[in-house]
Amino acid sequence: MVDYLWMWSELVVRWVHVIAGIAWIGSSFYFIALDLSLRPGKELPDEAHGQAWQVHGGGFYNMVKYLVAPAKMPDELTWFKWEAYGTWVSGIALMSLVYYGAASLYMIDLEILDITETQAVMISLVGIVIGWVFYDGMCRSPLSKSDLRLALAGFVFLVLLAYGYGLIFSARGAFMQMGVTIGTMMVANVLMVIIPGQTKVVTALKAGEQPDPRYGARGKQRSLHNNYLTLPVIFVMIGGHYPAVFATDYAWAILALILVIGAVIRHFFNTKHKGLAPPWWTWIVAGLLTGCAIMLSQLGAPNAVYDRTSHASPEALNSASIELVIERCSSCHAREPVWDGLAFAPKGIYLESEGDVLRHTNDIFWQVAASHAMPPGQVIWIEDEERAMLAVWRDMVNHGLVGRNK
Ligand code: HEC
């Protein structure tokens, strides 16, 4: 029963997280596009910045933006903040349930750094806070006079951070740590800058004072940053399920490419929504960089060579491979795992018998031969030569030389 409660709580939190994220990113995309499509109109009041006409759901909308604010505050205002807060709260809950709750499997790699579970969680949490403080400091420094210079500095900071986390956490832990760090920056932009600024404007207006236009400009800068970071942060969240992306030597460089790819794609849409000629070159850049990312994920795979003379025949290689998998994997991937703290086989994958192993040749390839993802955190050692052997074995099984069809 406890197992089921645990599993369901993870599922429900994940459900909430994805829904809150969709609501947040949806409204972020919508408002940036709306902002860029505003056009002046003669009939608008003086304080209006511009308007847009839109059609949706069987009716027409006339959206007018007031900058800094309308002459008279309306009685009712809809605020957009719970989407962001909900995404963060559910995200941290999910991180705690999955990563912090089993830090030795998800965050620590003793070959990289010998830390305890508590240390891993503390470093992760402190790192998230430091990430925000540093980024916020950059936005308030003279760097922020130029959007481009700030973007470049932010890019270098994130790449260094990704590289640095790779020296502390397991590949998987480092990758997700970057996702949480970037996600937290985005939510903190809403919580600490955008909403407080907006609140000050509303308070000033209600008191009949002239609000400071700096709050509007600052809020817009942060919301633009969020807009450029959405695609990369979602890539990290999904990429954490693809071992050839996160568990390779160049995961940090792949992340750097994704930051640029995400930014140029946003640039395409932002320019298009402004009503300017769409910069089609951005897709060529995105395509080329994606090609580089694919190459890096292959280059960063375990790169030993399997010595074909070490097994006399394909059958001998087949037996050796199956034996290896059962020996190194079945303490966790069993109908009744013996690994401390595991109630059932992770992801329902059993690797206890020849039949089990042959059923999962491709999964084994991605987790063990194309990356260092399994065993998690290298808690059980596998030589790179053995990983290379499994790649050759998988090819043979897939070509019907040994295994399933024999
Ligand atoms: C110490 C326990 C442990 C050992 C040993 C272990 N695994 Fe895993 N395995 C896990 C955990 C935990 C997960 C779940 C990861 C996740 O949440 O995505 C997992 C997931 C998997 C998956 C599914 C991945 C997915 O996303 O669908 C495969 C395939 C896998 N392991 C293969 C292996 C192989 C092959 C070995 C041996 C070389 C191995 N594992 C050894 C704990 C272990």
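Residues numbered from 1 in each chain as written. Predicted model: local features only at pLDDT ≥ 70, side-chain atom pairs only at ≥ 80, totals over all residues. Heavy atoms only, no water.

Concerning the overall build of the protein chain
Across its full length, the protein chain holds 14 helices and 2 strands. Based on the C-alpha atoms only, the size of the protein chain along its principal axes is roughly 85 × 45 × 45 Å. Out of the 406 residues in the protein chain, the part that is buried amounts to 44%. Here the contacts in the protein chain between residues at least 6 apart in sequence split such that 67% fall between residues at least 24 apart. For the protein chain, the exposed area adds up to about 22200 Å²; of that, 65% sits on carbon and sulfur atoms. When the 28 basic and 33 acidic side-chain charges of the protein chain are each reduced to a single mean position, those positions are 14 Å apart. (Helix = DSSP H or I, 4+ residues; strand = E, 2+ residues; numbered from the N terminus. Buried < 20%, exposed > 50% of the residue type's maximum accessible area, 1.4 Å probe, protein only. Contact = heavy atoms within 4.5 Å. Areas by Shrake-Rupley, 256 points an atom, 1.4 Å probe, with all protein chains shown as cover. Lys, Arg positive; Asp, Glu negative; His and termini not counted. Charge placed at Lys NZ, Arg CZ, Asp CG, Glu CD.)

Let's talk about the coordination of the iron atom of the ligand
Looking at the metal site, the iron atom of the ligand is ligated by His 333 (NE2) and Met 374 (SD), spaced 2.0 to 2.3 Å from it. Coordination at the iron atom of the ligand is octahedral, judged from the 6 donor atoms that bind it and the angles of 87 to 179° they form at the metal. Taken together, the residues span a long stretch of sequence, with His 333 in the loop between helix H11 (314-329) and helix H12 (354-359) and Met 374 in the loop between helix H13 (361-369) and helix H14 (384-398) at a distance of 41 residues. Relative accessible area serves as the criterion here: at 11%, His 333 is assigned to the buried category. (Donors = N, O, S within 2.8 Å, 3.2 Å for Na, K, Ca; no water. Tetrahedral: all angles 85-135°; square planar, octahedral: opposite > 155°, others 65-115°.)

Notes on the site of the ligand
The immediate surroundings of the ligand are formed by 22 residues, with Tyr 106, Cys 329, Cys 332, His 333 and Met 374 found nearest. A distance of 3.1 Å is found between an oxygen atom of the ligand and a side-chain nitrogen or oxygen belonging to Lys 347. Residue assignment for the shell around the ligand shows that the elements contributing at least two residues are helix H3 (103-106), H11 and H13. Counted by class, the shell around the ligand contains 16 nonpolar, 2 polar and 4 charged residues. In terms of domain composition, the shell around the ligand takes at least three residues from each of domain 1 (2-36 + 68-73 + 83-299) and domain 3 (308-398). (Near = heavy atom within 4 Å. Polar contact = N/O pair within 3.5 Å; in protein donor to acceptor, adjacent residues only side chain to side chain. Nonpolar A, V, L, I, M, F, W, Y, C, P; charged D, E, K, R; others polar. Domains from an automatic or database assignment.)

Describing the packing of helix H6 (residues 171-206) against helix H7 (residues 213-239)
It is at 9 Å that the axes of H6 and H7 come closest, and there the two elements cross at 160°. Of the possible angle classes, the one that applies to H6 and H7 is roughly antiparallel. Along this stretch, H6 crosses H7, giving a crossing that reads as left-handed. Looking at the contact of H6 with H7 residue by residue, the class counts come to 15 nonpolar, 10 polar and 3 charged. (Axes fitted to C-alpha atoms, helices over the stretch in contact; angles between N-to-C directions. Parallel < 35°, antiparallel > 145°, perpendicular 65-115°, else oblique. Left-handed = near helix turned anticlockwise from the far one by under 90°.)

Some points on the domain arrangement of the protein chain
We note that the domain assignment places domain 1 (2-36 + 68-73 + 83-299), domain 2 (37-67) and domain 3 (308-398) within the protein chain. For domain 2 versus domain 3, the distance between C-alpha centres works out to 60 Å.

Re H6
Along its 36 residues, H6 runs 51 Å from first to last C-alpha, staying within 8% of the 52 Å computed at 1.5 Å per residue. Maximal helix bending in H6 amounts to about 30°, located at Val 190. Of all 36 residues that make up H6, 26 are buried, and the element is covered over most of its length. Directly after H6, the chain includes Gly 208, whose backbone phi takes a positive value near 75°. (Expected span 1.5 Å × (residues − 1). Bend = angle between axes of the 7 residues up to and from the residue.)

Things to note about the packing of aromatic side chains
Applying the stated criterion to the full structure yields 14 aromatic pairs. Between Phe 175 and Phe 246, the ring centres sit 6.4 Å apart and the planes meet at 40°, which makes this aromatic pair tilted. Taken as a pair, Phe 175 in helix H6 and Phe 246 in helix H8 (residues 243-246) lie far apart in primary sequence, 71 residues in all. Accessibility expressed as a relative area gives 5% for Phe 175, which makes it buried. Between the aromatic rings of Phe 365 and Trp 366, the centroid separation amounts to 5.0 Å while the plane-to-plane angle is 70°, which identifies the pairing as edge-to-face. Judged by its relative accessible area of 40%, Trp 366 falls in the partly exposed class. Joined through ring pairs, the aromatic side chains of Phe 268, Phe 269, Trp 280 and Trp 283 make up one cluster. The ring of Phe 29 carries the charged tip of Arg 266 above its face, separated from the ring centre by 4.2 Å. (Phe/Tyr/Trp six-rings, centres within 6.5 Å; stacked < 30°, edge-to-face > 60°. Lys NZ or Arg CZ within 6 Å of the ring centre and 35° of its normal.)

Notes on the nonpolar core
Counting 66 residues, the largest nonpolar core has Met 107, Leu 158, Met 178 and Ile 182 as the members making the most contacts within it. Those residues within four positions of Met 107 in sequence are excluded, and the remaining contacts are Met 95, Tyr 99, Tyr 100, Ala 120, Ser 124, Phe 169, Ser 170, Gly 173 and Gln 177. Counting 24 residues, the second-largest nonpolar core is a separate cluster that includes Tyr 306, Leu 317, Val 392 and Val 402. (Core = buried A, V, L, I, M, F, W, Y, C linked by side-chain atoms within 4.5 Å.)

Observations concerning the packing of H13 against H14
The geometry of H13 relative to H14 is characterised by a closest axis approach of 9 Å and an angle of 160° between their N-to-C directions. With respect to each other, H13 and H14 are oriented roughly antiparallel. Classified by chirality, the crossing of H14 by H13 is left-handed. Where H13 approaches H14, its residues Thr 361, Asn 362, Ile 364, Phe 365, Trp 366, Gln 367, Val 368 and Ala 369 are matched on the opposing element by Arg 387, Leu 390, Ala 391, Trp 393, Arg 394, Val 397 and Asn 398.

Section: the side chain of Arg 394
Mapped onto the elements of the fold, Arg 394 is located in helix H14. It turns out Arg 394 is buried and unbridged, and the closest side chain with the opposite charge, Asp 395, is 4.1 Å from it. Each residue touching Arg 394, except ones within four places of it in the same chain, is listed here: Thr 361, Asn 362, Phe 365 and Trp 366. (Salt bridge = Lys/Arg side-chain N within 4 Å of Asp/Glu carboxyl O.)

A short note on unusual backbone geometry
Pro 375 follows Met 374 through a cis peptide bond whose omega is -15°. One can find Pro 375 in the loop between H13 and H14. In this structure, Lys 347 takes a positive phi of about 55° despite not being glycine. Relative to the helices and strands, Lys 347 resides in the loop between H11 and H12. Take Lys 347: its relative accessible area is 72%, and that puts it in the exposed class. For Gln 378, which is not glycine, the phi torsion reads 50° and is therefore positive.

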